[in-house]
Amino acid sequence: MAKATLRSLLFLAAGLIASLHCAAFVSGVNAARPKPIVVAQAEAAESGKAKSPTARIQEIYDKLDGKVEKSAIQKVLNAFFESAAKELNGDEDSQTNLHGYVKVKKWTKPATKGGEKMKVAGRELVTKAKPAETKISATVLKKMKDVAGI
């Protein structure tokens, strides 16, 4: 799905660069040659925006040729991510794998004790106690890197 979209964007960018190159060649102006690089950078910046959930559901609906209702697609996606969230809720240190694309880990950073501590120069430093924190980190796996072309 994402590979096809990326491929179509690359073909569009290549066609745009080729047409600008031809225009520069026909008109004999060399100043137009660096322009494709600027246009390619502008397109890359625009494609960095995240899709809204509605747009993503519409893309899946179009990919399935309307065989499945949008509400059913939304229910499946919600159930998938709720299932992953339940896996993370279980233990203090837990992890879940989102279909081989992303691995999400939940871990607890331990609490620190407060009090006076000695520094190297002999100066005493008073530190405050900090409570334990729950951290969540995500790791992109090979399957996602392959699809994204990274």
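Residues numbered from 1 in each chain as written. Predicted model: local features only at pLDDT ≥ 70, side-chain atom pairs only at ≥ 80, totals over all residues. Heavy atoms only, no water.

A. Spotlight on helix α3 (residues 53-63). Among the residues of α3, those classed as buried are I57, E59 and I60. Projected down its long axis, α3 shows its buried positions confined to an angular sector of 155°, all on one face. Of the residues flanking the end of α3, it is D65, one or two places downstream, whose phi is positive at about 55°. (Buried < 20%, exposed > 50% of the residue type's maximum accessible area, 1.4 Å probe, protein only. Helix = DSSP H or I, 4+ residues; strand = E, 2+ residues; numbered from the N terminus. Arc of directions from axis to C-beta.)

B. Quick look at helix α4 (residues 70-90). End to end, α4 covers 31 Å across 21 residues, agreeing with the expected 30 Å (1.5 Å per residue, within 8%). Three or more residues of α4 are buried, namely I73, A84 and L88. All buried residues of α4 project into a common sector of 55° when viewed along the axis, lining one side. Turned more than 90 degrees off the buried face of α4, the exposed positions are K75, E82, K86, N89 and G90. (Expected span 1.5 Å × (residues − 1).)

C. Fine view of the nonpolar core. Ranked by size, the top nonpolar core spans 5 residues in total: A84, L88, L98, V102 and V104. For this core, the secondary-structure elements that each account for two or more residues are α4 and β2 (102-109). Among all residues touching L98, those that are not within four sequence positions of it are F80, F81, A84 and V104. (Core = buried A, V, L, I, M, F, W, Y, C linked by side-chain atoms within 4.5 Å. Contact = heavy atoms within 4.5 Å.)

D. How the structure looks around the environment of K86. Within the element layout of this structure, K86 appears in helix α4. Among the residues examined, K86 registers a relative accessible area of 64% and is labelled exposed. Along the chain, K86 and T96 lie 10 residues apart, while their C-alpha atoms are 9.4 Å from each other.

E. Here's a closer look at unusual backbone geometry. The phi dihedral of D65 is positive, around 55°, even though this residue is not glycine. Within the secondary structure, D65 is located in the loop between α3 and α4.

F. Molecular detail of the pattern of salt bridges. Counted by the stated rule, this structure contains 3 salt bridges. The shortest N-O distance in the salt bridge between K135 and E133 comes to 3.6 Å. On the basis of relative accessible area, K135 is assigned to the partly exposed category, the value being 29%. Across the pair D146 and K142 runs a salt bridge whose closest N-O atoms are separated by 2.8 Å. One end of the pair is D146 and the other is K142, both in helix α5 (residues 142-148) and 4 residues apart, which spans about a single turn. (Salt bridge = Lys/Arg side-chain N within 4 Å of Asp/Glu carboxyl O.)

G. The arrangement of the packing of aromatic side chains in detail. Tallied over the full model, the rule gives 1 aromatic pair. Where F80 meets F81, the ring centres are 5.0 Å apart and the plane angle is 75°; that geometry is what we call edge-to-face. Classification of F80 by relative accessible area gives partly exposed; the value is 36%. Using a relative accessible area of 47% as the deciding quantity, one classes F81 as partly exposed. Residue placement shows K70 over the ring face of Y61; its charged tip is 5.2 Å from the ring centre. (Phe/Tyr/Trp six-rings, centres within 6.5 Å; stacked < 30°, edge-to-face > 60°. Lys NZ or Arg CZ within 6 Å of the ring centre and 35° of its normal.)

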